[in-house]
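Structural overview for review
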Amino acid sequence: MVVSMLFSFIFPPPPSLFITAMSVVSLTSLAYTGFSEVRGNHLKYSKFWNVNSPKSGRKQIKVSSTIGMLILYTPAFLAALTSFLLFPPQDFRSLLLHSALAIHFFKRIFEVLFVHRYSGGMVLDSVITISLSYFLSTATMIYAQLLSQGISEPPVDLKYPGILLFLIGTSGNLYHHYLLSKLRGEGDKEYRIPKGGTILYLMGRSFATRRWYLSKFENFPQDVKALIPYLF
C-alpha cells in the first residue's frame with residue numbers, strides 16, 4: 001500500500017544496476033557522515049576545519065575556503081552544464097532537472113565569489129570527498145532522468161509545486177547567505193550569532209553546528225533548534 005501510494009507521485013526506479021548501486025552508496029555515506037558529525041568527527045571545513053586534527057603527525061594539506069568551495073561546486077556545475085550538450089533535454093521534466101542542477105551550483109559558485117566572507121580554511125581530504133559526492137550525485141540524477149524517458153508519468157503531477165519550492169528555497173537560501181555575510185565587515189573573521197530573516201533553525205551540519213554555537217555563545221537563543229523549528 002505504501003509503495004503504491006509513493007508511485008502515485010514519483011517515478012519507479014529505473015532498471016539500472018548503476019543507479020541502484022549509487023543510491024545505496026549515497027544513502028550509506030550520508031548516514032555515516034551524519035552519525036560522524038553527531039559524534040564530533042567532522043569534515044574539515046567551515047568552523048570545523050581545525051577540529052579534531054589527527055595526532056599521527058601526518059601533514060594535512062590546507063587550502064583557503066574560497067578555493068576549497070570552488071573545488072566543491074565547480075565539477076558538479078560543469079557536469080550539469082555539459083549535460084545540455086551530451087544529453088539534450090527531451091521533455092519539460094528533463095529540462096527542469098538539468099536547469100535546476102545548473103542553477104543550484106551556479107548560485108553556489110556565485111556566493112563563493114561575491115557573497116560569503118570566509119574566516120578559516122579547508123582540509124584537502126574533505127574538499128575532495130565532498131566534491132566527488134556532489135559530482136557523482138549530479139551525474140547520477142541526470143543519468144536516472146535519461147533512463148526514465150518514455151516511462152509513464154505518475155498520476156499526481158508535482159512538477160509545478162516542485163518548481164515553486166525550488167524557487168523559494170533557492171532565493172531564500174541566497175537571501176540568508178547575504179544576511180550572514182553582513183555580520184562581518186571587511187577583514188573581519190569573527191563568528192557571530194545568526195539573526196534576521198527566518199533563521200529559526202540550523203540545517204545541514206545541524207546538531208554539530210548548534211552544539212558549536214552553544215559552546216561559543218552564552219546568549220545563543222534556545223529556540224534555535226537543530227532540525228525542527230522550536231522543537232528539536
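For the structure itself, look to the data block above.
What you are looking at is a predicted structure, and each value in this text was computed from that prediction instead of being measured.

**What about helix α3 (residues 65-86)?**
Given a rise of 1.5 Å per residue, 22 residues ought to cover 32 Å, and the 32 Å separating the end C-alpha atoms of α3 matches this to within 8%. Most pronounced at Tyr73, the bend in α3 amounts to some 30°, and the proline Pro75 follows within four residues. The complete set of buried residues in α3 reads Ser65, Gly68, Met69, Leu72, Tyr73, Ala76, Phe77, Ala79, Ala80 and Ser83. Among the structural elements, β1 (62-64), α4 (92-114), β2 (121-123) and α5 (124-147) are those in contact with the buried residues of α3.

**Some remarks on the packing of α3 against α5**
When two helices pack together, their arrangement is captured by the angle between the axes and the distance separating the axes. The interhelical angle for the contact between α3 and α5, taken along N-to-C directions, is 15°, at an axis separation of 8 Å. Relative to α5, the element α3 lies roughly parallel. The chirality of how α3 crosses α5 is right-handed. Across the interface between the two elements, Gly68, Ile71, Leu72, Tyr73, Pro75, Ala76, Ala79, Ala80 and Ser83 from α3 touch Val127, Ile130, Ser131, Tyr134, Phe135, Thr138 and Ile142 from α5. Considering only residue class, the contact of α3 with α5 consists of 12 nonpolar, 4 polar and no charged.

Cut-offs applied
- Residues numbered from 1 in each chain as written.
- Predicted model: local features only at pLDDT ≥ 70, side-chain atom pairs only at ≥ 80, totals over all residues.
- Heavy atoms only, no water.
- Helix = DSSP H or I, 4+ residues; strand = E, 2+ residues; numbered from the N terminus.
- Expected span 1.5 Å × (residues − 1).
- Bend = angle between axes of the 7 residues up to and from the residue.
- Buried < 20%, exposed > 50% of the residue type's maximum accessible area, 1.4 Å probe, protein only.
- Contact = heavy atoms within 4.5 Å.
- Axes fitted to C-alpha atoms, helices over the stretch in contact; angles between N-to-C directions.
- Parallel < 35°, antiparallel > 145°, perpendicular 65-115°, else oblique.
- Left-handed = near helix turned anticlockwise from the far one by under 90°.
- Nonpolar A, V, L, I, M, F, W, Y, C, P; charged D, E, K, R; others polar.

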